[in-house]
Amino acid sequence: MKIRQISTLVAALAMTLTLAAQPAGRKAWNEDWNFTKDGQTRKVDLPHDWGVEQPFLQENPGETGKLAWWGQASYTKILNVSAKDLQKDLRLEVDGAFSNARALVNGKEAGGWPYGYASWTVALNPFLQTGDNVIEITLDNKPESSRWYPGGGLYRNVWLTTTEKTAVAHWGTFVTTQVDGADAHIRLALRLKSPELQVATVATRILYKVKNVEYVVAESRNVERVYDGREVIQTFDLLDARLWSPENPQMYVARTVVEGEDGTKDTYETPFGIRTAEFKADGFYLNGTKTFLKGVCLHHDAGALGAAWYDDAWVRRLEMLKKMGCNAIRCSHNPPAPELLDLCDRMGFLVMDELTDTWTWPKKDNGYATLFNDWAEKDLVALIHRDRNHPSVILWSIGNECGEQGDPDRWWIPQMLTDICHREDPTRLTTAGNDNPGAAFTDYAATLDVYGFNYKPHLYQEFVEKHPGQPVLGSETSSCISTRGYYRFPVEQDKGKGWDMNPPFQVSSYDLYAPAWASSPDYEWQFEDQVPECAGEFVWTGYDYLGEPTPFNMDPSVLTNFHTEEEKEAYRKMVAAWGQTISDVPLPSRSSYFGIIDLAGFPKDRYWLYQSRWAPQVASAHILPHWTWPGREGKVTPVHVYSSADEAELFLNGRSLGRRKKDGYRFVWADVRYQPGTLEVVTYKAGKVWAKDKVRTAGDPYKLNVQADFKGRELSYVTVDVVDRNGTLVPDATTSLSFSVSGPAKVMATDAGDPTSHVPFYSTELPAFHGKASAIIRRTGPGSVTVSVKAKGFRTATLEL
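Every value quoted in this text rests on a predicted model; they were computed, and no experiment measured them. (Residues numbered from 1 in each chain as written. Predicted model: local features only at pLDDT ≥ 70, side-chain atom pairs only at ≥ 80, totals over all residues. Heavy atoms only, no water.)

Next up on the list: the confidence of the model for the protein chain. Scored by pLDDT, the protein chain comes out at a mean of 94, with 95% of its residues at no less than 70. Scored below 50 in pLDDT, residues 1-18 makes 47 contacts in the model with residues more than four places away or belonging to other chains. (pLDDT = per-residue confidence, 0-100. Contact = heavy atoms within 4.5 Å.)

Attention now moves to the side chain of Asn334. The residue Asn334 is located in the loop between β24 (328-331) and α2 (338-347) in this model. Leave out the neighbours within four places in its chain, and Asn334 touches Tyr115, Tyr117, Trp148, Arg156, His300, Glu354 and Leu355. (Helix = DSSP H or I, 4+ residues; strand = E, 2+ residues; numbered from the N terminus.)

The omega angle of the peptide bond from Leu46 to Pro47 is -5°, so this bond is cis rather than trans. Tracing the backbone shows Pro47 in the loop between β5 (40-44) and β6 (71-81). Leu624 connects to Pro625 through a cis peptide bond whose omega is 5°. Structurally, Pro625 can be placed in the loop between β31 (621-624) and β32 (639-643). Although it is not a glycine, Ala686 adopts a positive phi angle of roughly 55°. Topologically, Ala686 is positioned in the loop between β36 (678-685) and β37 (688-696).

Where strand β33 (residues 647-652) lies against strand β34 (residues 655-661), 5 bridges are found, and the strand directions are antiparallel. Residue pairing for β34: Glu649 is matched across the bridge by Arg659. Here β33 hands over to β34 after 2 residues, with Asn653 in that stretch at a positive phi of 55°. Here 6 bridges tie β33 to β36, and the two strands are oriented antiparallel to one another. Bridge pairing links Leu650 to Val681 in β36. (Pairing = 2+ DSSP bridges.)

Spelled out as structure tokens, the structure:
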């Protein structure tokens, strides 16, 4: 039926977080688990990552973060049920358990799932008895099973779900929408469950929420014969539909009530958005408007919190990316936490939802290739059923840099996966991250709907010409590497000259440097500009992450990034020059250098370079490097400026160093000779002043500036800047800092963004890195919280939350 939407609804809404499709009887079951590992048992709350609680050890591999995430462990908890409870359906829902999980109820095998990134459920009723029941989940993390830090444990939420026997089944809804002018047609497919055939009323209301007020905008009511697996289709015509987009992420909810003939009622809510998403030969179109995907790849860890999921941590991360102009996320290289997609729905990000990093050609001895034959279809179906109602999801990615690209005898694998995607969700297309340049011009390309290139922008034009009509995008781009606040002289243009294999094991932040297979952002952009058919890019990566510390990485799987024997041999020789074992070459790095933002959440210079391209409406200018270089007086110290302006003029101590246009995508003054003082840039757009920036030479460290750069419901991020008497950041400060709190809170973790630091994240003391450090404060109850930061020779700095 059609109902005209209430005229008082306003377009600008306060955001409210609506969780993914779920029954009303679903509650978090995260508190007070008994965690047992290595013969020791203690109480923990979920989500829990045992690896991030460990110290960094030099002998542990840097590729997985130098943390001990492997091993066996178990989680147990008591569930007390009554005879009345057993008249309902009880399920345990696990958003993620790393890995090889087995679920036991009262000692009996009840379920499980080996893939650590998958979400899964366990039907509890067959194993329950009245009174206390022991719920146990065992895990077995095998070494040599990951190319990055995966975490260990029940690192996502666990839910206890109670429904009536006759109800909507688990992940039992699928909403599809069609837009017709200002109106929309909604189709809701419901999969129902019932232990026996009975007649039930199935009633659904489409709701639109304004703050805490719900408005019914459409409804449908059916009387149906219900049994296990019965599918019911309901349709709705909605007038004046509000479309979902990154700029206006408008959400609706389908609330379904199933009322059995026995009088039981069960409610199931499905959040969804109304939008059109089309990949065409000339790009991506959202709601009929060509939209360039300004995306980043993200691994699943949240820095010092490890793999454990915290809403606040990811709200902070996404907010920073949004301000940069980012509008898309690639979930690299695995199914994300379901809450990440809830946030993308609510905050307005387009998502490439990815299955795996590996098919049958192994990258690690115990990696996903050991599961693929038995579990790939199950994992993919679970991913799609869980995530297909999210308007943010626009692509299913079936793999990343899989070796089968070059093996015609195995092209049936991507075709099979694409067919499964089309079967389970006919509304979305498939893609994969492809790094084999030759594969793009074989029949392999036809196994994917949208062709994704990893680091091959020079092939965009050739692909468009040889595959007319097939969409193409940069599924993984740039891989520029840098360390926040570190600059190396002389500044060379060769992308391999920004570091060497000696201390301090850092990479220059001029944003010119990259591994052999990768490039600067500027190189990628020139091809995007030349090939308007390119639908977008996903930069590797939005944030630094634990593990994969390229270029200081001994992981042999790096060889998969090269596709000629000459390239592979050159890499082997380079590694051989370092030494035969990790102990021969004590590379300290434990986290990546790829991020636009560092592991602690501090933007690197590159942040403003991407902002200048992705958010050109933002009036900003950013100078690099910093201007505190004792001993470099009179030496050439090139200055770069990032801005969306047309022209810029640079001043050193009030003297103009010239007004000029961009050198490609940045302003460059290559021959500036360092003098202490003030460096200032004035930028212009269309002849008018656009934005300014200024950096000053810092004096000695004098004061600690403390502020909360993010305050969430549970977590707050407190940052410390070491500044001089004039408030200028001291960029080489390594001041030892000590954090403490009074009130209902605790210091949960600290970090400063140094990829080589072995200070444990759980330590409350750490040195500043290039003048900055951060602490994550977790609130444990209501009331005032005071954070104190101490350092020898400084007045204690305090901040009230």
